[in-house]
Structures are given as C-alpha cells and as structure tokens.
Amino acid sequence: MTSPSAPAPAFPAHRPRRLRRSPALRAMVRQTALTPADLIWPVFLMEGEDAEAPVASMPGVSRRTVDRIVPAAREAADLGIPAICLFPYTAAEARTEDCAEAWSPENLTNRAIRAIKQAVPEIAVMTDIALDPYNINGQDGYVEDGYVVNDRTVEALVRMALAQAEAGADILGPSDMMDGRIGAIRAALEAEGHGHVAIMSYAAKFASGFYGPFRDAVGASSALKGDKTTYQIDPANRDEALRMVARDLAEGADMVMVKPGMPYLDLCAAVKDRFEVPTFAYQVSGEYAMMQAAIQNGWLQGEAVMMESLLAFKRAGCDGILTYFAPEAARALG
Ligand SMILES: NCC(=O)CCC(=O)O
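Residues numbered from 1 in each chain as written. Predicted model: local features only at pLDDT ≥ 70, side-chain atom pairs only at ≥ 80, totals over all residues.

In the nomenclature of an unreviewed UniProt entry, the protein chain corresponds to Delta-aminolevulinic acid dehydratase from the organism Pseudoroseicyclus aestuarii. Check the Sequence similarities (unreviewed entry) section of the UniProt entry for the protein chain; it says "Belongs to the ALAD family." (UniProt positions renumbered as here; feature names shortened; annotations may be inferred.)

On to the pairing of strand E12 (residues 320-323), then. Every second residue of E12 is oriented toward a common face, with Gly320 and Leu322 on one face and Ile321 and Thr323 on the other, all of them buried. Bridge analysis of strand E1 (residues 39-45) against E12 gives two bridges, and the strand direction is parallel. Bridge assignment links Leu39 to a residue of E12, and that residue is Ile321. For strand E11 (residues 279-283) and E12, the ladder comprises four bridges, and the chain directions are parallel. Bridge pairing in E12 links Gln283 to Thr323. (Buried ≥ 20, exposed ≤ 12 C-beta atoms within 10 Å, placed from the backbone. Helix = DSSP H or I, 4+ residues; strand = E, 2+ residues; numbered from the N terminus. Pairing = 2+ DSSP bridges.)

Cross-referencing UniProt, the feature "active site" (unreviewed entry) maps to Lys205 and Lys259 in the present numbering. With the annotated positions falling across 55 residues, the maximum pairwise C-alpha distance of 4.8 Å places them together in a single cluster. You can see Lys205 is positioned in strand E9 (residues 198-205). Its 27 C-beta neighbours within 10 Å are what place Lys205 among the buried residues. Each residue touching Lys205, except ones within four places of it in the same chain, is listed here: Ser175, Met177, Gln232, Ile233 and Lys259. On the secondary structure map, Lys259 appears in strand E10 (residues 255-259). Judged by C-beta crowding, with 23 C-beta atoms within 10 Å, Lys259 ranks as buried. (Contact = placed C-beta atoms within 7 Å.)

It is worth spelling out the site of the ligand at this point. Looking at the ligand, the residues that line it are Asp128, Ala130, Ser175, Tyr211, Phe214, Val284, Ser285 and Gly286. Considering only residue class, the shell around the ligand consists of four nonpolar, three polar and one charged. (Near = placed C-beta within 6 Å. Nonpolar A, V, L, I, M, F, W, Y, C, P; charged D, E, K, R; others polar.)

Formed by 96 residues in total, the largest nonpolar core has its most connected members in Ile84 and Ala326. Here the element with the most residues in this core is helix H4 (residues 151-167); it accounts for nine residues. (Core = buried A, V, L, I, M, F, W, Y, C linked by C-beta atoms within 7 Å.)

Below, the discussion takes up helix H11 (residues 326-333). All of the buried residues along H11 are Ala326, Ala329 and Ala330. Each buried residue of H11 lies within a common arc of 100° when the element is viewed along its axis, so the set occupies one face. If you follow the buried residues of H11, they end up packed against E1, helix H2 (66-78), helix H10 (302-316) and E12. Trailing H11 by a residue or two, Gly334 shows a phi angle of about 75°, which is positive. (Arc of directions from axis to C-beta.)

Attention now goes to the pairing of strand E4 (residues 83-88). In terms of burial, E4 is a largely internal element, five of the six residues being buried. By the bridge criterion, six bridges tie E1 to E4 in an arrangement that is parallel. From the neighbouring strand, Pro42 faces E4, where its bridge partner is Cys85. Bridge count for E4 against strand E5 (residues 124-126) is three bridges, and the pairing is parallel.

With that out of the way, let us pick up the environment of Ala198. Relative to the assigned elements, Ala198 resides in strand E9. Among the residues examined, Ala198 registers 16 C-beta atoms within 10 Å and is labelled partly exposed. If we ignore the near neighbours within four places in the chain, the residues touching Ala198 are Asp170, Ile171, Asp254 and Met255.

Take a look at the structure:
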C-alpha cells in the first residue's frame, strides 16, 4: 500500500463529499470495476440423466447431470463468464481405498469436460485435483496409520491430472495441498504432450470451517474422518501462505488462488502485491451460505451484498473470483 503523494488541503478547500455528489462524479472516480469476465463458476456434477438436485445448505445451487451441465455452460458463456469449474458428487460405491475412479477417463468430471468442450468450446473448463471425492475416508490423499501420506498421493494426483488433460481440461486446479504436486503435475503434462494446459494452484488454502456446505454438495460430509489440518494451512499463518505461493509458482503454477476468500482478503492483497501474477480467490460455500441465509431471512439485501462482496476481491487485487454467485452476478452486471 502506498500513502497519498500530495497532502490534501485543509477543510474547506478539501471537501471529499464534492466527488460523491452525483452518480456521474462517483463513476468518474470509481477505482475498481467488476465484470462477468472476473467470474469463475463452480458447479456440481452428479450421475443420471436430465436431472438436477438442490443442495440444501447452498440455496440456489444444485447438482446437475452431465447432460444438464452443458446448457449451464452455454448460459455461462453467453453471460460472459470465461470459465466453469467442475466438482463431482461421487456415488458411495465409486469411493474406494485406491481412489481409482479419480483417473478413470469415464468418471463424471472427465465425461463433463468432453461434453462441455464439444458443445461450448469457448468456455474454459477448470477441474479439481484432490482425492477426496473418490476416497472412502473423505481425505484429499491416501491415509496410512492415520496420516495423509504425501508422495504416494502425489503419484495419484499426477494420474488424475493427466486424465483430465486428456479429456480436454483447460485449467487444472490442484486443491489437495500435498508438497511437490505442482512440479510433478507440470513435468507429467510436459512429458505427455499437454504443455499448453494451465495450472491454477490452490496455493494459499487454509484449513477452514467455511467448507461445510461444499462437503454436503459433493457428498463428503459423512465420509470425512478427522480434519485436514496436517496439510491445509493454519488460518493464523500469513508468512506460510506466501511461501506456498512462491513455491507453487516456482514449480510451474500459472495462476494462484487464495481460499477461502472474504476472511482472507489480506492474503489476496499481499499475494498480488508481492508476486504480480494472476491471483484468484475462492468465495467458498460457507461464505455463500452465510450470505444466502441472511438474504433469505430478509436481514441483508441480496444483490447489494453479493456485488459488494465480489467487488471487494477486485479492490484487494484479485484478477478473478470463483463464486457460486457467478451467473446471478453476471446477470446483474448485464
Ligand atoms: N476443492 C474445492 C473446495 O474445497 C471448495 C470449498 C467450498 O466451496 O467450500
């Protein structure tokens, strides 16, 4: 942050309210703008045909079958949203100890990637890389003796990444927080002819209480044993988050993410200021649910808080926001 270079003259020469007097004057001096191009829409996939199922803890959000995700992607592209991010609700029988469904070319995510890229090629498709949707215990990696092991998990993540790249994903989103996974995925992509596939690293991902509704949406709430504090960052730690960003960039990430969003705007600003790379924030399920609950009670005015919350990410320096509000916000922006 820089301090103002010219000292303001004393009142009444300086009346800051002069520039707030009319919509035209306010528009002239407005520093930050939100556009649909700033939004990435996270969506939930489920098995079946021609069906949608609402997620109870996320009003306005539903899981969709692959055939229903295609028109959703079409709508997003038409609204000017540049990217859609896929999360699968994996049936209990597809969750196994070896997590093999994670790299099946026929898993929900990979089928959805192909369907979207065929029907709506102009939208960028982003994926999630972590084992939790496929793991019997809901953890992002393999558990041995009660501990999520790193290196064996990274090998599985690489297989998952290659399957997604093969299916046509534009952006891979490793969200698992294992050490060394960005370098391993980047090397494998290069070796297998997918050097053009981008990586958005969940670099500053905190062990947060705000992910609860997401775990409902992907069916992981009852599966999860224990917590994720041995791999996600302690919410108290700022320096560590910045080190993770530096590390992931050095290993080959093209873009980085801060997650959750609103409680971590200090990190958004610090990452952008320090690294000057494409920086994104994830306004996660708990942030969305919190606002929707208050909006539904009539305690907050919906559009105002949605837009204000998203604009705050731009003001903090983010280049874009993953948000469940994406289509609603894009419609409001016209
Ligand atoms: N790997 C993706 C997430 O964990 C999303 C969290 C949320 O929306 O709460």
